[in-house]
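Residue-level structure breakdown
Residues per chain are reported as follows:
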Amino acid sequence: MFSRFWWGSNDGQHKVHWAKWEFLCQTKEDGGLGFRNLECFNKALLAKQGWRLLRNLDSLVGKVFKACYFPNSSFLNAKVGSRPSYTWKSILRGRKVIELWSRWRVGSGESIRVGEDRWIPRPNTFKIHDPPSLLANS
């Protein structure tokens, strides 16, 4: 679609693609044209909607999605369901971005699942896999 827009065609003759799309999406400082990578932009907007579901469950949209798709769990633990809407499936794709880049800020520790949640500032998995050496010796 973008190639037809930017390079187009006349009377069935296709024009030459002079540069790759990846090059065009590079910033101007890096020599590209600064086009936005629409796939990444779409994921960011879907993650933003997922974040709103996490933070604003009292909104009308939050209440509707909670009642339809995750009545007994949180947004982060919600399943796709048997007949999901296109909107719900899309927001769940944005949830992957939230899961990848978010961390818990541990407060009282009541709701954190120590073994499953991403809360430790360790770059590999951000989860505990082995017991600490102090606990293993006692």
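Residues numbered from 1 in each chain as written. Predicted model: local features only at pLDDT ≥ 70, side-chain atom pairs only at ≥ 80, totals over all residues. Heavy atoms only, no water.

1. Regarding the pattern of salt bridges
A complete count under the given rule lists two salt bridges for this structure. Among the ionic pairs, Glu39 bridges to Lys43, the shortest N-O distance being 3.9 Å. Of this pair, Glu39 and Lys43 both sit in helix 3 (residues 38-55), separated by four residues, roughly a single helical turn. According to the relative accessible area criterion, Lys43 is partly exposed, its value standing at 40%. (Salt bridge = Lys/Arg side-chain N within 4 Å of Asp/Glu carboxyl O. Helix = DSSP H or I, 4+ residues; strand = E, 2+ residues; numbered from the N terminus. Buried < 20%, exposed > 50% of the residue type's maximum accessible area, 1.4 Å probe, protein only.)

2. Regarding the environment of Leu76
Assignment of secondary structure puts Leu76 in the loop between helix 4 (60-69) and helix 5 (86-101). When the C-alpha atoms of Leu76 and Leu53 are compared, they prove to be 9.6 Å apart, with 23 residues separating the residues in sequence. Those residues in contact with Leu76, other than ones at most four positions away along the chain, are Leu54, Arg95, Ile98 and Glu99. (Contact = heavy atoms within 4.5 Å.)

3. Thoughts on the side chain of Arg95
Within the element layout of this structure, Arg95 appears in helix 5. A polar atom in the side chain of Arg95 sits 3.5 Å from the backbone oxygen of Leu76. Once residues lying within four places of it in the same chain are set aside, the contact partners of Arg95 are Phe75, Leu76, Asn77 and Ala78. (Polar contact = N/O pair within 3.5 Å; in protein donor to acceptor, adjacent residues only side chain to side chain.)

4. Details of the environment of Asn42
Here Asn42 lies in helix 3. Sequence separation of Asn42 and Arg93 is 51 residues, and the distance between their C-alpha atoms is 9.9 Å.

5. Points about the nonpolar core
Within soluble globular proteins, side chains that are nonpolar tend to cluster in buried spots. Core analysis: the largest hydrophobic core is formed by ten residues, namely Ala47, Leu53, Phe65, Phe70, Phe75, Ala78, Trp88, Ile91, Leu92 and Ile98. Secondary structure elements with two or more residues in this core: helix 3 and helix 5. Looking at which element gives the most residues to this core, the answer is helix 5, with four residues. Residues in contact with Ile91, not counting those within four places in the same chain, are Leu46, Gln49, Gly50, Leu53, Phe65 and Phe75. (Core = buried A, V, L, I, M, F, W, Y, C linked by side-chain atoms within 4.5 Å.)

6. Re the packing of aromatic side chains
This structure, assessed with the given rule, holds six aromatic pairs. Ring pairs connect the aromatic residues Phe65, Tyr69, Phe70, Phe75 and Trp88, which therefore count as one cluster. The ring of Phe41 carries the charged tip of Arg36 above its face, separated from the ring centre by 4.5 Å. Sitting over the ring of Phe75, Arg95 keeps its end group 5.8 Å from the ring centre. (Phe/Tyr/Trp six-rings, centres within 6.5 Å; stacked < 30°, edge-to-face > 60°. Lys NZ or Arg CZ within 6 Å of the ring centre and 35° of its normal.)

7. Comments concerning the state of the cysteines
The final tally for this structure, using the stated rule, is zero disulfides. The thiol sulfur of Cys25 is not disulfide-bonded, and the nearest other cysteine sulfur, from Cys40, lies at 8.6 Å. By relative accessible area, which is 19% here, Cys25 ends up buried. (Disulfide = S-S within 2.5 Å.)

8. Some remarks on the confidence of the model for the chain
Here the chain averages 79 in pLDDT, and 77% of its residues register 70 or above. When pLDDT is averaged over each helix and strand of the chain, the minimum, 50, is found for helix 6 (residues 133-137) and the maximum, 93, for helix 4. (pLDDT = per-residue confidence, 0-100.)

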